[in-house]
Amino acid sequence: MYYTVVLGFMLVLPLVSTIGEAMMGSSLDIWTLALKWFVFWGVGARLAIAGIRQIAKPEFTAKDIFEIDDPKAGKIVQELGFWNLSGGLIALLSLVYPGWAMPAAVAGGLFYGLAGWQHWRNAHRNTNETIAMVSDLFIFVVLAVLVLRHFVPGL
């Protein structure tokens, strides 16, 4: 289930939304559409839902991702959840306020890049942490390309 949700938010939904809006005759170029939808789904929806889950049920992240079986870890996971919910909300609202997409892409991309790197450094990661690592690094690369493409003409 975890794998399916991550795959949906990080690849399937952004691609379907980008292609769908492009086929409907959007005035935006394909790169801007991709930025819009990868920010909405990959940063907004994924982080907001992760944040809600971490706040409400911190033991999943503590035990199933980081293999920490200490109830005290829940406080730290909940604080991570507060950021995930807050950052996710900004990215979700970028559909209403398009100017928020680029800051959300930069902040979300940096978060994912650093989190992915941290997962990569853990040589003893479990399957769930490996999925988190791959998806974090994937969305980091996608967002980095889209941000650079915006600021470096002809890239």
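These figures come from a predicted structure and were not determined experimentally.

1. So, the pattern of salt bridges
- Enumeration according to the criterion identifies three salt bridges in this entry.
- Of the charged contacts in the structure, one is a salt bridge between E21 and K36, with a shortest N-O distance of 2.9 Å. With a gap of 15 residues between them, E21 in helix α1 (residues 2–23) and K36 in helix α2 (residues 30–56) connect regions that are remote in the sequence.
- Overall, the relative accessible area of 23% leaves K36 in the partly exposed class.
- A salt bridge links D69 to K63; the nearest nitrogen and oxygen atoms lie 3.5 Å apart.
- According to the relative accessible area criterion, K63 is partly exposed, its value standing at 42%.

2. Thoughts on helix α4 (residues 73–93)
- For α4, spanning 21 residues, the distance from its first C-alpha to its last is 30 Å, which sits close to the expected 30 Å at 1.5 Å a residue.
- When we look at burial in α4, the residues that qualify are A73, G74, V77, G81, N84, G87, G88 and A91. Viewed along the axis of α4, the buried residues span an arc of 145°, placing them on a single side of the element. Exposed positions of α4 whose direction lies more than 90 degrees from the buried face are K75 and E79.
- Packed against the buried residues of α4 are α2, α3 (58–65) and α5 (101–121).

What counts, and where the lines are drawn
- Residues numbered from 1 in each chain as written.
- Predicted model: local features only at pLDDT ≥ 70, side-chain atom pairs only at ≥ 80, totals over all residues.
- Heavy atoms only, no water.
- Salt bridge = Lys/Arg side-chain N within 4 Å of Asp/Glu carboxyl O.
- Helix = DSSP H or I, 4+ residues; strand = E, 2+ residues; numbered from the N terminus.
- Buried < 20%, exposed > 50% of the residue type's maximum accessible area, 1.4 Å probe, protein only.
- Expected span 1.5 Å × (residues − 1).
- Arc of directions from axis to C-beta.
- Contact = heavy atoms within 4.5 Å.

The quantities given are spatial measurements derived from coordinates; they are silent on function.
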